[in-house]
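Letter by letter, the chains look like this.
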Amino acid sequence: MERRLIEVQGIVQGVGFRPFTKTLADRIGVTGYCMNMGTYVRIEAQGQKDKLDQLTQALKDEAPPLSYVASVAWRPMLTFESESGFAIRESAAAPDTGVLQMPPDAGICADCARELFDVQNRRYLHPLIACTNCGPRFTIIEGAPYDRQRTVMRAFPLCERCREEYENPSDRRFHAQPVCCLKCGPALFLLGKNGQRIASDDPIKYTRSILAKGGIAAVKGLGGYHLVCDALDDRAVQMLRERKGREAKPLAVMAPGLDTARKFCEISAEEEKLLTSPRRPIMLLKKKKGTNISNEIAYENPYLGLMLPSTGIQMLLHRYPDGGKEFPLLVMTSGNLSEEPICITEECAVEKLGSIADAILAHDRRIITRTDDSVARILSGKICVIRRARGITPLPVALPFDTGKAPDIFAAGAQTKNTWCLVRKAVAFIGPHIGDLDDLDALESYTNGVERFCRQTGVFPTAAAHDMHPDYLSTMFVQRFASRIAVQHHHAHMAAVMAENGLTGSSIGVIFDGMGLGSDGTLWGGEFLSGGYTGFERMGHINAITMYGGDRAAKEPWLSAAFWLRSIPGKAAEALAERIEGEEREKVEQLQLSGIGKYETSSFGRLFEAVSAMLGIRRENRYEGEAAMALEWAAGEAEGQPYDIILENNKDGFILDMRSAVSKIAEDIISGKPKAEISARFHETAAEAVLLGCLETRKRTRLSKAVLGGGVFQNARLLQAAGKKLASNGFDVFTASAVPSNDGGISLGQAAVAAARLSGS
Ligand code: ZN
Ligand code: ZN
Ligand code: FE
């Protein structure tokens with residue numbers, strides 16, 4: 001017999017941790033009690049040693065879906081109690097342990113989904129149904145500590161029956177802050193284009209009738225509004241694209257359940273698991289052949305961005321007992337104009353979405369924190385988060401080192417796909433995806449978000465980390481901090497992947513990216529680094545190309561192609577440049593002569609786009625990353641050998657000269673070789689570049705841990721090919737998973753670098 005004091009740290013309050021602990025203790029057969037102490041859960045448990053071991057382990061392994069267990073610590077107690085069972089005790093105050101208490105939002109759980117369609121249940125068709133395991137969390141929290149009084153739910157006093165459930169430890173709604181019912185909770189209502197109330201005793205039925213007629217509705221979700229239409233109605237989809245000004249970017253869709261989703265997509269066991277998890281992200285799934293999905297949804301794209309419903313409202317839009325049809329697939333695209341922040345208020349919905357939607361389906365539960373849908377995929381059995389937001393934020397990442405005396409740190413993130421990050425005592429909280437910080441609306445959303453997060457958590461950082469680029473809005477924002485640390489963009493990419501994988505010490509960093517400002521003033525993006533959190537050395541890179549016209553090439557890959565080809569001697573390159581430039585040839589020459597917007601870049605992302613344009617696959621990016629993605633799709637099932645890469649050593653490091661490869665690609669294009677074959681060979685070449693750079697870096701540093709980061713590694717084909725080559729050459733390979741490989745992960749990397757430097761480790 002033994003009695004133990006166990007402390008569980010993490011996000012363990014308001015997520016059903018105490019009832020879970022009691023169920024566990026009863027099952028295993030130990031006595032004692034559990035209670036909330038300050039921000040952690042305190043447990044005293046008494047029983048046989050092996051049973052107590054079992055309990056301690058299960059607290060971690062079987063923790064409830066919305067919890068995040070940072071640590072389970074225990075020590076033996078000297079006393080024994082005579083007690084008959086395991087109890088849940090009242091909460092007590094305790095000093096702050098530094099772990100922030102904010103669970104992420106969770107998609108509707110199976111129990112609530114069952115109740116929603118159970119005629120006997122008192123929550124039958126309750127659109128805002130929720131419980132301890134599901135519903136809004138992060139998006140409705142106003143302040144710390146997390147309890148109902150500091151969420152928007154304080155505006156809705158619990159009715160008697162809801163209160164009973166809320167206060168009963170054995171009820172599945174025990175202490176679930178968003179709990180309510182049709183009687184006491186927020187209510188749905190409808191708004192018209194001009195913000196006028198639309199009288200209807202059944203807003204869901206009304207909205208469904210709009211969708212059935214081929215119309216568009218704006219619908220309030222957990223973290224913001226969506227624009228919705230019937231995905232199988234081509235005209236509705238076209239109209240949505242026109243009204244929203246979204247020319248080509250793929251639209252996300254929602255299926256009511258797994259069975260329906262399977263009619264449209266291939267879904268593996270791993271994909272199913274994430275798709276149905278409380279995170280409920282949009283997942284990139286392989287489209288099935290021969291389905292009736294319009295090309296309008298995702299042009300020439302072998303993947304479909306699909307999610308399952310997160311809320312009762314979304315489930316009811318698909319299926320509702322109003323005699324109307326069941327929608328097997330709805331478009332669920334973010335409720336915003338082009339790249340602006342998504343609307344979270346009714347005012348915004350009327351102002352920005354009124355011209356797009358035929359009606360706005362709203363309710364009076366406010367959204368505090370704007371949180372887009374998360375986007376993820378499975379690659380080689382591993383989760384790759386592409387956009388980290390609803391359902392995932394603000395889950396923390398534990399930094400793999402002691403931050404010692406480092407103060408609380410704010411990391412500002414990058415310019416595109418911005419997220420920010422807050423570090424307190426080796427725990428990093430990444431805020432929700434903000435998007436591109438290129439206008440004042442986005443900056444305002446960013447500033448408000450940061451200030452709110454500080455209020456929500458009660459953490460007010462005194463030090464800031466930021467990108468080296470002086471013109472990023474995120475860099476300007478941190479000027480308000482007295483203590484600032486500039487972190488090189490690709491070093492941040494590397495540190496993010498290292499931190500997520502728990503790496504310490506030194507590694508090789510292969511960062512293939514768009515562009516980021518390098519320490520030498522040129523724009524990097526095809527880099528081989530070595531080092532750890534506190535510092536790095538640039539070991540090598542791909543050859544830099546001189547480009548002109550500033551930012552233009554980001555939207556116009558044909559310009560990148562032109563400048564790449566102009567840097568290469570030979571007839572084929574010349575002929576291809578002429579073909580690509582066409583009528584703009586003179587303009588390109590003028591650009592080059594005038595030197596306007598001149599820069600040097602070793603960006604691998606630009607090379608991908610250039611090759612896409614050379615092959616005539618995409619001359620322009622209608623949305624970010626389009627040309628490179630289309631190049632990947634074009635390879636299809638084709639395979640091929642890499643083109644030649646020339647490795648040169650110089651006094652500063654090595655250069656992987658890709659010009660001979662590009663020259664050969666030009667020859668293959670001119671001689672009419674199939675696009676699929678050239679694309680496959682180019683991907684193989686990029687993977688070979690990764691290997692060559694790592695081999696050379698290992699020769700110089702003896703390091704064998706290879707960290708792959710940067711936006712280019714979202715390319716599945718490249719990631720898999722490079723991973724294979726490295727593994728078979730004895731490298732340990734680390735890639736991004738829960739934190740995006742793209743600039744969405746930059747803030748974590750900045751935070752890790754700053755924390756390491758400030759802690760002196
Ligand atoms: Zn639930
Ligand atoms: Zn109620
Ligand atoms: Fe980047």
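Source: prediction; values computed, not measured.

Quantified by volume, the second largest pocket comes out at close to 1,000 Å³. Along the walls of the second largest pocket sit 35 residues, with Lys286, Tyr303, Gly636, Glu637 and Arg717 positioned nearest its centre. For the lining of the second largest pocket, the secondary structure elements donating two or more residues are α8 (269-276), β11 (282-286), β15 (375-379), α19 (626-635) and α22 (716-728). For the lining of the second largest pocket, the element with the highest residue contribution is α22, accounting for six residues. Structurally, the lining of the second largest pocket is a two-domain feature, drawing no fewer than three residues from each of domain 2 (188-363) and domain 3 (540-690).

Following the criterion strictly, the structure yields one disulfide and no others. Covalently, Cys343 is tied to Cys348 through a disulfide, its sulfur atoms 2.3 Å apart. Here Cys343 and Cys348 share a disulfide; its torsion about the S-S bond, -60 degrees, makes the bridge left-handed. Judged by its relative accessible area of 17%, Cys348 is buried. Here Cys229 is not disulfide-linked; the sulfur of Cys265 is the nearest cysteine sulfur, at 17 Å. Here Cys454 is not cross-linked by a disulfide; its sulfur's nearest cysteine counterpart is in Cys421, at 12 Å. A relative accessible area of 7% means that Cys454 is categorised as buried.

For the rest of this paragraph, the subject is the domain arrangement of the chain. Domain assignment breaks the chain into domain 1 (2-88), domain 2 (188-363) and domain 3 (540-690). Taken over C-alpha atoms, the centre of domain 1 sits 58 Å from the centre of domain 3.

We now examine the coordination of the zinc ion (ligand 2). At 2.2 to 2.3 Å from the zinc ion (ligand 2) lie its protein donor atoms, namely Cys159 (SG), Cys162 (SG), Cys181 (SG) and Cys184 (SG). Relative accessible area serves as the criterion here: at 3%, Cys181 is assigned to the buried category.

Each value, and the rule that gives it
- Residues numbered from 1 in each chain as written.
- Chains lettered and ligands numbered in written order.
- Predicted model: local features only at pLDDT ≥ 70, side-chain atom pairs only at ≥ 80, totals over all residues.
- Heavy atoms only, no water.
- 1 Å grid on protein atoms, 1.4 Å probe; cavity = no way out; pocket = protein on both sides within 12 Å on 5 of 7 lines; lining within 4 Å.
- Points joined across faces, edges and corners; volume = space filled by probe spheres on them.
- Helix = DSSP H or I, 4+ residues; strand = E, 2+ residues; numbered from the N terminus.
- Domains from an automatic or database assignment.
- Disulfide = S-S within 2.5 Å.
- Buried < 20%, exposed > 50% of the residue type's maximum accessible area, 1.4 Å probe, protein only.
- Donors = N, O, S within 2.8 Å, 3.2 Å for Na, K, Ca; no water.

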